[in-house]
Every structure is written in structure tokens, then in C-alpha cells.
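Observations on chain architecture
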Amino acid sequence: MARYTPPEQSKIGQLIDVVVLLGLSLGALFVPLRMGLSGAAKVVATPVENPTWETLGQTAVQAAQYEALGYTPATAHDLILARFDYSFEWSSLILMAVLIIGYFVIMLRLSEQEYKDVINEKFGE
Amino acid sequence: MANTDITSKVMDGMGPHGTKVGLLRVLGPAHVWALGVGIVLVGEYMGWNFAVGKGGAYAALIACWFAGILYTCVAMIDSEVTSTVAAAGGQYTQAKHIIGPLMAFNVGLYLVFAYTMLEAGNAITAGYLVSVVAGMTGYEGVLDQRPFIILVIMFLAWLNYRGVLATLTFNLVITAVAFVAIIVLFFATSGIIGTGIMNHAALMEGQAALPYGTLGILAAMHFGLWFYLGIEGTTQAAEEVRSPARALPFGTLAGIMTLLIAATLTWYICTGILPWEFLGDGVNGSVAPLFDAARLSGSTGLVWLLGFGTLFATLASANGCINDASRAWFSMGRDRYLPKWFGAVHPKYRTPYRSIIFLVPIALIFALGAPLDQVITFSILSGLLGYTFMPLNVILFRRKWPLDSIKRGYEHPFHPLPAYVLLALCAITYVAVFLGYGTQLIAMILFYVVVSLWFHFWRYRFVNRGAQFTMPWPRPKGY
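Residues numbered from 1 in each chain as written. Chains lettered and ligands numbered in written order. Predicted model: local features only at pLDDT ≥ 70, side-chain atom pairs only at ≥ 80, totals over all residues. Heavy atoms only, no water.

In this section: the overall build of chain B. From N to C terminus, chain B includes 17 helices and zero strands. Taken over C-alpha atoms, the radius of gyration comes to 22 Å for chain B, in line with the 23 Å a tight globule of 479 residues would show. For chain B, the spread of C-alpha atoms along the principal axes amounts to about 60 × 45 × 40 Å. Taking as baseline every contact in chain B between residues at least 6 positions apart, the subset at least 24 positions apart corresponds to 85%. With the model as given, the accessible surface of chain B reaches about 14,500 Å², and the carbon-plus-sulfur share is 68%. (Helix = DSSP H or I, 4+ residues; strand = E, 2+ residues; numbered from the N terminus. Rg over C-alpha atoms; globule rule 2.2 N^0.38 Å. Contact = heavy atoms within 4.5 Å. Areas by Shrake-Rupley, 256 points an atom, 1.4 Å probe, with all protein chains shown as cover.)

And the structure:
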């Protein structure tokens, strides 16, 4: 197999590659964040008016710990009652599974193509 | 058997990279332990408690132990492969030799993002801790945490720039203090010494037991990983330890044992003192649960000890993360997977200084611009993708280089059972992340799909083909 000689990359080219990679990484975190799509914020489904420890469902021991931490029923209201919503569409779960499996399958196949070249050049045909 | 003995006194498995100056071989097994545990122990001081929020206290305990099994598999598999691939870059270098360049590029990015996000999370926690201490010592205003976040990242980057031995010796000391602090808190609050303040039965009765039912147990696996995330980072020191075949397996396996003890004690202490809703909300409730538990103990000494423990754990973790992320970035630069400018070693300090400096502003952007749970989720997802790679990696490793072809420093038992268990637990954790953070998971996978295509169709043209394979191994079986 003929030995592959890679082209020399210019400094500007190197800089552009770094900027592209950085832009994609920042986008992966901040785009969902800025669009309000990331994370399932907990919600208070049924707020309690004029809350007390009892109406918030707290036992005497639990209430005592909250008070030791500096909370009152009013300030602890959202903290205690907020819950995740785990309802989901099966189609979304299947989509996620397909995406992850597809990602690994594509990556393994493309890696295998590249790997054969590496081995052939390293050890000879 | 081929002449590829990693345990040889005269051949250490290092391959030529064409660099004039290499990294210094100065570390021992204790440094490897300190690197692994140092990165992870902060997971006991903050972040794991989101698992309580996602499923309740019992769910968090089950997640803690299942995640413990996942990481035991990771440590066993990693120890075998790393004891043979003793080069900087850790799993990146393993992937390059065993699966192929594109996989290696992805694994390198998993490592960099998992560690850089973890570093950002540590800096956020350190900033929070300073603000709490300011409040406890009489400051009445709202302390701006940002200068402290910047200071933490800049100071540790400087330490890493100056040399690996000082960096990891510093880690060894502060990690030991942070671990001892957890043990002291356990003895002081559990009733073994003096009067106990634990009240598990009362704090976990009624809806507090399993607030989301069995689905909550599954959901809690997401943040259950945080108890141990980063232990695989021990492999990054492979090119800087004096005896990689002995020190890496020893340091890694001792590390996971330490963490299993620390994680269980942490769960026991915090769920016995703090109400689950407060404990489970790491943003508006308990940012630093062990510190909060110490505050409720009524002992000023414990408050100070756990305050320093939390601070030390965040510093040790951020320190180790800078070390590991920069080694992975440096290794990719050295192989031209990234611009070769990053592949330079400092002529005096013998550290990958350009990579260390380059990653500082990225850590700062995430630490100053994103909430803690998002930063942690980003880190966990990158780690999880890396754990999914590991079983594939070890199965192919054993297939391409059977046990009689390369001498290992450590051979993990029951192969391929740990690989299948790890794969199954990874699948469960993907579903756990999907419950609550599905959008971020999909955004992350799409990111890796796009960068994979970018690498395969553009970046890979700048990479030498045969020169990437630097281990003195025989030709892989079947090729």
C-alpha cells in the first residue's frame, strides 16, 4: 500500500478548525438552554395557599429539620411540592434509542474503514 | 508471545511520536489513586443528591449501588487495557489502537467534555461555598461568586502548567483530607461515637420513601453516576507513571473501592439528617449536602471540617480534571486529530501547556454561563458515551489480541461478563437520562454525529495513517 502523506495545514486552517469545533460544542449546550428545551424543570402541580408544615405533608421531624435549615412553610413551599413530570411518549424513547444505536453503528463502520488503512500502512499489506 | 511486554524493565510500551521532549515519568500508585479519587470524591460532596430529587432517597441508594457495579466493570476493563496501552490520552489512545481513528476522536471529545464540564461544576460549587461561608461569618449582602469561580480555574490551571508531580501531590493531600472528613462526619453523627442525630425512619416515611414509585429508581440512575464519574481518568497518567503496568491497575482498583465506601457513607449521612426534597434540589436546596449535614450537627468543628472538605474536594476534582482534559486534548493534537499546535510539551515544565491554557476559557464559559444541573448532565452524558465505548473496546481488544499475544499487567476476570453488564447498565442509564433531560441527550448525540462527519470527511485528511499506531504490538488478529 502506498504510504499516505497528509497535507500540511496552514495556521489559519488550524484556527478555523478549532473555531468550528468550539462553536459546535457551545451550541450543543447553550442552544437547548437558551431555547428553554433542556432539562425538565420541576413544577408545582397543586400549590397550597397559606401553607403550613402539615398541609405541605411534613411530619414533625421533617418540619424541625426545615426550620433548622432556616425555612418557613412559605419559603419551603416550592422546594417541597415541585415534582418532575416523567410522562413520555414511547415514540420519543424509540427515537432516542434509534439515534444512539445509529450513532454507534455509523461510527464503528467508518472507524473500521479508517482502521484497515492504519493497519495496512503500519504492518504492510 | 510477541516482544510486547508492557511489564518489561527495558520496554515500557511507549511508541515514537516524533516529539523531542516527552512527558515526565515521575508518578507512583498513590498519585494514580489521588488522581482517580481526587476527581471523583467531589461527587460525594455535591451533585449526587440530584438522584434523590429524581427518585427519592431509597432510589438514590439503589442507583448508588447499581452505578457502583457499572464503575466496578469500568475499573476492571480499564485496568486491563490501560496496563497495556501506557500512553497519555487514556481511552482515546486505546480506541485509536483497538477500534479506529473516528472512534478515538469521539472518545477524546467525550473525555475532554466530561472533565471540562466537571471542572466547571467544581468551580461553581467552590464559588457557592465561599458565599455561604461569607454569610455565616456575618456578610449581609449577596456575594458575587464569579470572581471566586474564575480564581479557582485560573489557579489550578497555573498549577497544572507548572508540573504534574506538584499537581498530583497537592491532589493526594487534599483528597485524603476530604475523604477523612466524610469518615469523621459519619462517626460523629451516626451515634457510634457520642449521641447520634440520624433519623432515617422519620425522614423517609410516607411519600418521602419512593415519591415517583419504581420509575423514580430508574430515573435516579442518571445522577447515580455522579458518585463515581471520573475514576476512569486514572488512565490519563499512563505516560507519566514510573511503572504503568503495576501502578495503573493498583491505583484504579483501590480508587473504586475507596469510592464505594465513601458513596454509601455519604448517602447514609445525608438521608438521615436532611429532608429529601431539600436534599434532592441541588440548585435551590442543598448544593453541598455533606456541608449542610454538618451545619445541622450543631458542631462548629464539623462545619469547618466539612467546609474545608467540600472546598478541598472541589479543588482536587477541578485539578484532576484540568490534568485529564489537557492530556486528552494534547494527545489528539499530537496525532493531528486536532491542530498540531496543541501537541506541544513545555520545554521546562514538561507539561502539555498549550492544551492546559486553551481549555481554561472553555471551562469558564460553562462555569459562568450554565446552571449546575445542566453542566453536570453534560458531563454525565459525555462520560456515559465513553462507558458505552468501553465494553466494545475490551471485546475487540481480546478478539484482536488474545491473552497469549500481548502480556497484560492485569487481566480482568469473567470476560466477557463485565462487558455485557456494563453495556446493559449503560442502556438503563440512557433511559434514566431521557426521563427529565431527553432534549439535552438528543442535542448531545446530534453534536457527536455532526463532529464525527466533520472529522471523517474533513479533519482526517491531516492525519498520518500508520504513524498513529504507536504501541509495539503485533498485527491484530483478523487484519
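Here the narrative resumes.
This part covers the domain arrangement of chain A. Split by domain assignment, chain A resolves into domain 1 (10-39), domain 2 (40-86) and domain 3 (88-125). Spacing between the C-alpha centres of domain 1 of chain A and domain 2 of chain A amounts to 39 Å. (Domains from an automatic or database assignment.)

Our focus in this paragraph is the confidence of the model for chain B. Detailed reading of the predicted coordinates is not advisable wherever pLDDT is low. Residue and element names in this part refer to chain B. When pLDDT is averaged along chain B, the result is 88, and 95% of the positions lie at 70 or above. Of all secondary-structure elements in chain B, the lowest mean pLDDT belongs to helix 1 (residues 29-40), at 85, while helix 12 (residues 276-280) reaches the highest, 95. Contacts from residues 1-20, a stretch scored under 50 in pLDDT, to residues over four places away or in other chains number 48 contacts. (pLDDT = per-residue confidence, 0-100.)

Residue and element names in this part refer to chain B. Within the largest apolar cluster, 206 residues are counted, with the highest numbers of intra-cluster contacts made by Phe105, Tyr228, Trp329, Tyr387 and Tyr448. If you tally residues by element for this core, the top one is helix 6 (residues 101-136), at 20 residues. Ignoring sequence-local partners within four residues, the contact set of Tyr228 consists of Val40, Cys64, Ala67, Gly68, Tyr71, Ile256, Leu259, Leu260 and Ala263. (Core = buried A, V, L, I, M, F, W, Y, C linked by side-chain atoms within 4.5 Å. Buried < 20%, exposed > 50% of the residue type's maximum accessible area, 1.4 Å probe, protein only.)

Here we come to the packing of aromatic side chains. The final tally for this structure, using the stated rule, is 46 aromatic pairs over all chains. Relative to Phe447 of chain B, the ring of Phe113 of chain B has its centre 5.7 Å away and its plane inclined at 80°; by these criteria the two rings are edge-to-face. In this pair, Phe113 of chain B sits in helix 6 while Phe447 of chain B sits in helix 17 (residues 417-457), placing the two residues 334 residues apart along the sequence. Residue Phe113 of chain B shares its accessibility class with Phe447 of chain B, and that shared class is buried. Among the aromatic residues, those joined into a cluster by ring pairs are Phe30, Tyr103 and Phe104 of chain A together with Tyr110, Phe113, Phe366, Phe378, Phe447 and Tyr448 of chain B. (Phe/Tyr/Trp six-rings, centres within 6.5 Å; stacked < 30°, edge-to-face > 60°.)

The tally for this structure, following the rule as stated, stands at nine salt bridges over all chains. Residue Glu8 of chain A pairs with Lys340 of chain B through a salt bridge whose shortest N-O separation is 2.4 Å. Within this pair, whereas Glu8 of chain A is found in the segment before helix 1 (11-34), its partner Lys340 of chain B is found in the loop between helix 14 (300-334) and helix 15 (353-369), the two belonging to separate chains. By relative accessible area, Lys340 of chain B is classed as partly exposed at 35%. Note that Glu80 of chain B and Arg408 of chain B form a salt bridge whose closest N and O atoms lie 3.1 Å from each other. (Salt bridge = Lys/Arg side-chain N within 4 Å of Asp/Glu carboxyl O.)

Residues and elements named next belong to chain B. It is at 8 Å that the axes of helix 6 and helix 7 (residues 146-162) come closest, and there the two elements cross at 130°. Judged by the inter-axis angle, helix 6 sits oblique to helix 7. The crossing of helix 6 and helix 7 is right-handed. Where helix 6 approaches helix 7, its residues Glu119, Ala123, Ile124, Ala126, Gly127 and Val130 are matched on the opposing element by Phe148, Ile149, Val152 and Ile153. In terms of residue class, the contact of helix 6 with helix 7 is built from eight nonpolar, one polar and one charged. (Axes fitted to C-alpha atoms, helices over the stretch in contact; angles between N-to-C directions. Parallel < 35°, antiparallel > 145°, perpendicular 65-115°, else oblique. Left-handed = near helix turned anticlockwise from the far one by under 90°. Nonpolar A, V, L, I, M, F, W, Y, C, P; charged D, E, K, R; others polar.)

A word on helix 11 (residues 244-271) of chain B. Taking 1.5 Å of rise per residue, 28 residues should cover 40 Å, and helix 11 of chain B covers 39 Å from first to last C-alpha, within 8% of that figure. With 20 of its 28 residues buried, helix 11 of chain B lies for the most part within the structure. (Expected span 1.5 Å × (residues − 1).)

Let us look at the interface of chain B and chain A. Counting from both sides, the interface comprises 94 residues of chain B and, opposite them, 67 residues of chain A. Broken down residue by residue, the surface that chain B buries against chain A is led by Phe434, Arg465 and Arg475 of chain B, which jointly contribute 9%. Remark: the boundary between chain B and chain A carries two salt bridges. Put simply, chain B and chain A have 25 residue pairs in polar contact (both at pLDDT 80 or more) between them. The element that contributes the greatest number of residues to the side of chain B that touches chain A is helix 17 of chain B, accounting for 22 residues. (Buried area = accessible area lost by both parts, 1.4 Å probe. Polar contact = N/O pair within 3.5 Å; in protein donor to acceptor, adjacent residues only side chain to side chain.)

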